[in-house]
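Analysis of the macromolecular model
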Amino acid sequence: MSLARIPLAAVIGSPIAHSRSPRLFAHWLKTYDLPGHYIPMEIPADRLADAIRMLPELGFVGLNVTVPYKESVMQIADLVSDRATLIGAANTLIFRQDGRIHADNTDGFGFMENLRHTAPDWNPAAGPATVFGAGGAARAVLASLLDVGVPEIRITNRTRLRADKLRADFGNRVQVYDWVQAGNIIEGCATVVNTTSLGMTGKPPLRVPLDALAPGMLVTDLVYAPLETRLLHEARAAGCQVVDGLGMLLHQAVPGFERWFGRRPEVDEATRQAVLG
């Protein structure tokens, strides 16, 4: 009689040592007393496809995917969810029992769950949203905001061409503005989202005029190191409702953990503290 394998999962990227996902998954596995292991795994780009296809044979049930592999893993997967196709990136791979690899994107889910839990009174239809950035995270945010009824999204990016591509992909509820107008387009918005890495520890600051921030706005930053960025600090001072970026990291991991380890985890204060260390 063969013993059931202990499920294994990992987060892949390059570099990967900074990832907080292993701390998060270790906390949940311990909290729910579940068998399983979750590790960080740095895979060279030229070995990516071979490595991913070999992992199920070693007992792996799935992977989280971070930069720079969110787009390339979609070419390796056998099945790609509609969400991942729309966003153009996958952050979750599920190794199915039939041998096929399923790619999904839970970033938008994590973004929305973070807002719902932290700002339950937020009304997406209250007015336009301003989004800084036009990368993969911005695509997930746009898809989610449009889905819940935000009437207009004003998007600006340092490279306008990428922002124009988002308008082409997501339609005329998305309006594109030059980066020099980034401060101006906040005026009259109900929601402001930074999806860039600007303001992150070790990155350049988000040098956008924030005078237009006003009470009643919801302001969130996907950066979570530091936990309170300049954007969130200024927003709090202006009387805005503030949502930090750590919750998105925590909530986007919930579907993968449930699929791989058989238990839907709770995102609570103990979870936050475990990840913050």
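Note that this is a predicted model, so its numbers are computed, not measured.

Conventions we followed
- Residue indices follow the written sequence of each chain, beginning from 1 at its first position.
- Note on the predicted model: pLDDT of at least 70 is required for a residue's local features to be given, and 80 or more for side-chain atom pairs to be given and counted; whole-chain, interface and lining totals, by contrast, use all residues.
- Hydrogens and water molecules were not included; the side-chain quantities draw on all heavy atoms of the structure.
- Marked domain ranges trace back to an automatic or database domain assignment.
- In this description, buried area is defined as the sum, over both parts, of the accessible area (probe of 1.4 Å) that is lost when the two are combined.
- The term salt bridge refers to a pairing of a side-chain nitrogen on Lys or Arg with a carboxyl oxygen on Asp or Glu at a separation within 4 Å.
- Within 3.5 Å is the distance limit for a polar contact, defined as a pair of N or O atoms, with the added protein rule that one can donate a hydrogen and the other accept it, and that residues adjacent in sequence qualify only through two side-chain atoms.
- Each helix corresponds to a stretch of at least 4 residues labelled H or I by DSSP, and each strand to a stretch of at least 2 residues labelled E; elements are numbered beginning at the N terminus.
- In the scheme used here, Gly and all other residues not listed as nonpolar or charged are polar, with Ala, Val, Leu, Ile, Met, Phe, Trp, Tyr, Cys and Pro taken as nonpolar and Asp, Glu, Lys and Arg as charged.
- UniProt positions are given in the numbering used here, feature names are shortened, and annotations may be inferred rather than shown by experiment.
- Any residue with an atom within 4 Å of a point lines the site, the site being either a cavity, points on a 1 Å grid over the protein atoms alone where a 1.4 Å probe fits but cannot get out, or a pocket, an open set with protein on both sides within 12 Å along at least 5 of 7 lines.
- Grid points are joined across faces, edges and corners, and a volume is the space filled by probe spheres set on the points.
- Helix span, as expected, comes to 1.5 Å for every residue beyond the first.
- Type-normalised accessible area, obtained with a 1.4 Å probe on protein chains alone, sets the label of each residue: buried when under 20%, exposed when over 50%, and partly exposed for intermediate values.
- Two residues form a contact once any of their heavy atoms are found within 4.5 Å.
- Here, nonpolar core means buried Ala, Val, Leu, Ile, Met, Phe, Trp, Tyr and Cys residues that are tied together by side-chain atoms lying within 4.5 Å of each other.

Some remarks on the domain arrangement of the protein chain
Domain annotation for the protein chain reports domain 1 (8-104 + 252-276) and domain 2 (108-243). Once you take the C-alpha centre of each, domain 1 and domain 2 turn out to be 26 Å apart. Note on domain 1 versus domain 2: buried area summed over both sides is about 830 Å², and carbon and sulfur give 67% of it. Sorting the residues of domain 1 by area buried against domain 2 places R20, L86 and I87 first, and these three jointly supply 54% of that buried surface. Connecting domain 1 to domain 2 are 0 salt bridges. Here domain 1 is connected to domain 2 by 2 residue pairs in polar contact (both at pLDDT 80 or more). Residue assignment for the side of domain 1 that touches domain 2 shows that the elements contributing at least two residues are α4 (82-87), α10 (254-261) and α11 (269-276). Residue classes in the side of domain 1 that touches domain 2 are distributed as 5 nonpolar, 2 polar and 3 charged.

Brief notes about the UniProt feature "domain: Shikimate dehydrogenase substrate binding N-terminal" (unreviewed entry) in the protein chain
Taking the numbering used here, the UniProt-annotated feature "domain: Shikimate dehydrogenase substrate binding N-terminal" (unreviewed entry) corresponds to residues 11-93. Its end C-alpha atoms 10 Å apart, residues 11-93 is made of 34% helix and 23% strand.

A word on the layout of surface pockets
Taken as a whole, the largest pocket holds about 1,400 Å³ of empty space. Lining the largest pocket are 46 residues, and of these T66, V67, K70, A137 and M200 sit closest to its centre. For the lining of the largest pocket, the elements supplying multiple residues, two or more each, are β3 (60-65), α6 (136-147), α7 (160-170) and α9 (246-252). Considering every element that reaches the lining of the largest pocket, the biggest residue donor is α6, with 4 residues. Split by residue class, the lining of the largest pocket holds 18 nonpolar, 19 polar and 9 charged. Each of domain 1 (8-104 + 252-276) and domain 2 (108-243) gives at least three residues to the lining of the largest pocket. Here the second largest pocket is characterised by a volume of approximately 330 Å³. In terms of lining residues, the second largest pocket is bounded by R5, P7, P56, G59, F60, V61, I94, F95, R96, Q97, R259 and W260. Going through the elements one at a time, β3, β5 (92-95) and α10 are the ones with two or more residues in the lining of the second largest pocket.

A short note on helix α5 (residues 107-118)
It helps to recall that an α-helix has 3.6 residues per turn; residues three or four apart then point in one direction. The first and last C-alpha atoms of α5 sit 16 Å apart over 12 residues, in line with the 16 Å expected at 1.5 Å per residue. Those residues of α5 that sit buried are D107, G108, G110, F111, M112, E113, N114 and L115. Buried residues along α5 sit against α6, β10 (191-194), β11 (218-221), β12 (241-243) and α9.

Details of unusual backbone geometry
The step from S14 to P15 runs through a cis peptide bond, and the omega angle for that step is 5°. Examined against the element boundaries, P15 turns out to sit in the loop between β1 (8-13) and α1 (21-31). With omega at 5°, the peptide bond leading from V67 into P68 counts as cis. Take P68: it is sitting in the loop between β3 and α3 (73-76).

Re the nonpolar core
Counting residues in each nonpolar core, the largest one holds 30 residues, and the members touching the most others are F111, V131, L142, L145 and I155. A total of 7 residues in this core trace back to one element, the largest contributor, which is α6. With residues near it in sequence (within four places) discarded, F111 still touches V141, S144, L145, V193, T220, L222 and M248. Membership of the second largest hydrophobic core comes to 22 residues, among which are A10, V65, V73 and A90.

Let's talk about the pattern of salt bridges
If you walk through the whole model with that rule in mind, you get 14 salt bridges. Between D169 and R139 there is a salt bridge whose closest N-O contact spans 3.0 Å. With D169 in helix α7 and R139 in helix α6, this pair connects stretches of sequence that are 30 residues apart. You can call D169 partly exposed: its relative accessible area is 33%. The partner of D244 in a salt bridge is R272, and the shortest N-O contact between them spans 2.9 Å. Of this pair, D244 sits in the loop between β12 and α9 while R272 sits in helix α11; the two residues are 28 residues apart in sequence, bridging distant segments of the chain. D244 gets classed as buried once you look at its relative accessible area, which sits at 17%.

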